[in-house]
Amino acid sequence: MNIRSLSLALIFATFLGSTAAIASSTTEAAIAADPVAEKRLQHLSEELRCLVCQNQNIADSNAELAQDLRREIRGMIQAGKSDKEIIDFMVARYGDFVLYRPPVKGITLLLWGGPVALLLLGLFVLLRYLRRRAMRMADDRPLSAAEAGRADALLREGDTK
Amino acid sequence: MNRYYWILGGFAALVALLAIGLGLNPRDVPSPLVGKSAPAFDLTILATPDKTLGPKDMQGKVWLLNVWSSWCVSCRAEHPVLVDFSKKTDVPLIGLNYKEVRGDGGFDMSKMSAEDEKKLAFQRANTWLTQHGDPYKLTVMDLDGRVGIDYGVYGVPETYVIDKAGIIRMKHTGPLSPDVLGNKIMPLLAELNK
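A quick note: this is a predicted structure, and the numbers were derived from the prediction, not measured. (Residues numbered from 1 in each chain as written. Chains lettered and ligands numbered in written order. Predicted model: local features only at pLDDT ≥ 70, side-chain atom pairs only at ≥ 80, totals over all residues.)

Side note on the overall build of chain A
Check the secondary structure of chain A and you find six helices and zero strands. Residue burial in chain A is summarised as follows: out of 161 residues, 14% are buried. Counted over contacts in chain A with a minimum sequence separation of 6, partners at least 24 positions apart contribute 42%. (Helix = DSSP H or I, 4+ residues; strand = E, 2+ residues; numbered from the N terminus. Buried ≥ 20, exposed ≤ 12 C-beta atoms within 10 Å, placed from the backbone. Contact = placed C-beta atoms within 7 Å.)

Topic: the interface of chain B and chain A
With 12 residues of chain B at the contact, the number on the chain A side is 13 residues. Split into classes, the residues belonging to the side of chain B that touches chain A amount to six nonpolar, five polar and one charged. (Nonpolar A, V, L, I, M, F, W, Y, C, P; charged D, E, K, R; others polar.)

So, the sheet that holds strand β6 (residues 158–162) of chain B
All names here are of chain B. Taken in spatial order, the five strands line up as β5-β4-β3-β6-β7 in an open sheet, and their pairing is mixed. At either margin of the open sheet sits one strand with a lone partner, and together these are β5 (138–142) and β7 (168–173). Going from strand to strand, the sheet's axes swing by 20 degrees on average, the running direction of each strand aside. Alignment of strand β3 (residues 63–68) against strand β4 (residues 93–98), held across five bridges, turns out to be parallel. Bridging from a neighbouring strand, Leu 65 pairs with Ile 94 of β4. Contacting β6 and β7, helix α5 (residues 178–192) crosses the sheet at an angle of about 165 degrees to β7. (Pairing = 2+ DSSP bridges. Axes fitted to C-alpha atoms, helices over the stretch in contact; angles between N-to-C directions.)

A short note on the environment of Lys118(B)
Residue and element names in this part refer to chain B. Along the polypeptide, Lys 118 turns up in helix α3 (residues 114–132). Taking the number of C-beta atoms within 10 Å as the measure of exposure, Lys 118 has 17 and is therefore partly exposed. Taking the C-alpha atoms as reference points, Lys 118 and Lys 137, 19 residues apart in sequence, are found 21 Å from one another.

Points about the pairing of β6(B)
Put simply, side chains in a regular strand alternate between the two faces of the sheet. Residue and element names in this part refer to chain B. Among the five residues that make up β6, five are buried, leaving the element largely enclosed by the rest of the structure. With burial as the criterion, each face of β6 is covered, one bearing Glu 158, Tyr 160 and Ile 162 and the other bearing Thr 159 and Val 161. Direction of pairing for β3 relative to β6: antiparallel, over a ladder of five bridges. Across the sheet, residue Leu 64 finds its bridge partner in β6, namely Val 161.

Here's the deal with the nonpolar core
Within the largest apolar cluster, 57 residues are counted, with the highest numbers of intra-cluster contacts made by Ile94(B) and Tyr160(B). In this structure Ile94(B) touches Trp63(B), Leu64(B), Leu65(B), Tyr136(B), Lys137(B), Leu138(B) and Val140(B), once residues within four positions along its chain are discounted. (Core = buried A, V, L, I, M, F, W, Y, C linked by C-beta atoms within 7 Å.)

With respect to helix α2 (residues 73–88) of chain B
Residues and elements named next belong to chain B. Of all bends in α2, the biggest is about 40 degrees, found at His 79, and the proline Pro 80 comes one to four residues later. Within α2, burial applies to Cys 75, Glu 78, His 79, Leu 82 and Phe 85. In this fold, the buried residues of α2 make contact with β3, β4, α3 and α5. (Bend = angle between axes of the 7 residues up to and from the residue.)

Description of helix α1 (residues 2–23) of chain B
A rise of 1.5 Å per residue sets the reference length of α1(B), with its 22 residues, at 32 Å; its end C-alpha atoms lie 32 Å apart and thus fit the reference within 8%. Across the 22 residues of α1(B), zero count as buried, placing the element largely on the outside. (Expected span 1.5 Å × (residues − 1).)

Quick notes on the packing of helix α2 (residues 35–47) of chain A against helix α3 (residues 64–78) of chain A
Two numbers describe a pair of packed helices, the interaxial angle and the distance between the axes. Residue and element names in this part refer to chain A. Contact geometry for α2 and α3: axes closest at 10 Å, N-to-C directions at 135 degrees. Classified by the angle between their axes, α2 and α3 sit oblique to one another. Of the two elements, α2 crosses α3, and the hand of that crossing is right-handed. Of the residues in α3, those touching α2 at Ala 37, Arg 40, Leu 41, Leu 44 and Ser 45 are Arg 70, Ile 73, Arg 74, Ile 77 and Gln 78. For the contact of α2 with α3, the class distribution of residues is five nonpolar, two polar and three charged. (Parallel < 35°, antiparallel > 145°, perpendicular 65-115°, else oblique. Left-handed = near helix turned anticlockwise from the far one by under 90°.)

Quick notes on unusual backbone geometry
Residue and element names in this part refer to chain B. Pro 157 follows Val 156 through a cis peptide bond whose omega is -5 degrees. Along the chain, the position of Pro 157 falls in the loop between α4 (146–150) and β6. One non-glycine residue, Lys 99, lies in the positive phi region at around 45 degrees. By secondary structure assignment, the location of Lys 99 is in the loop between β4 and α3. Owing to 26 C-beta atoms within 10 Å, Lys 99 belongs among the buried residues under this scheme.

Distances and angles like these do not, on their own, reveal function.
So, in structure tokens, the structure goes:
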């Protein structure tokens, strides 16, 4: 097997492996009979961060805690709790960090405002650069007859040496 | 030339920012429970399985709640620090055994009855404490981790400092080091016990 087909096979295998993992985590969720409740569970657990893996939400994560929290959410849905009550339950225990969409407040201002501030800064720098360049180009007017004559003389002088 | 200073300065700022970021502990998530009442529970006591204990039984005392499990490797590292602590002070240290059996990962829980799980959990917890020493005034058993969720437990071991009014005053995630215990927890306990 050459290196090209080997790497292709590896990529293919990785892809298959990851889809299998997704399939297994969703079959667990599909056990409960009520499709509406399952949809809410799926939606809610996509909004919540798994604190063990930190970069996965609790829908994707197979960590023990994520499983427990999915079970907890399912229980609350069956108990008739609203989405907001369930989210508040999680925030009361794990803090804003559990939310993939943190609320806008003092401490998260940089997080939310940062990209906008950077964009504005970039625009400002770009505009300033363009304006300066325009000014520089405006200075580049063609040579007057006298200047052209002098340049010619200098060039000719260079040639004779 | 001026412009290169800008670029260099920007780069240096970025490196500084990343260096600070690397120095932070990503597991150290501030707990929203600090300053709030310790969530209520009523769990079976390891030594006396016919009795239960909850935060309300500890009212009027400054106490520590330490979440542990026999399968938790960091707990083993932390344990001598706790044993040492229990010898030095009379501040009650309550153990919360977290998912002793189902947290282990080595058991097929669908094949185990609740009764068997309970029996095994008590047996494993007792063995562990006999082997490594028992720093706890009492240990209560959170078999399914439900109380752990109320306390926002996401990585064992975790330790909570709870005051006389039942308010959580501090939470430490991860193993306690002699440094954290001596320089943060002991002064806090002294202040709360004044």
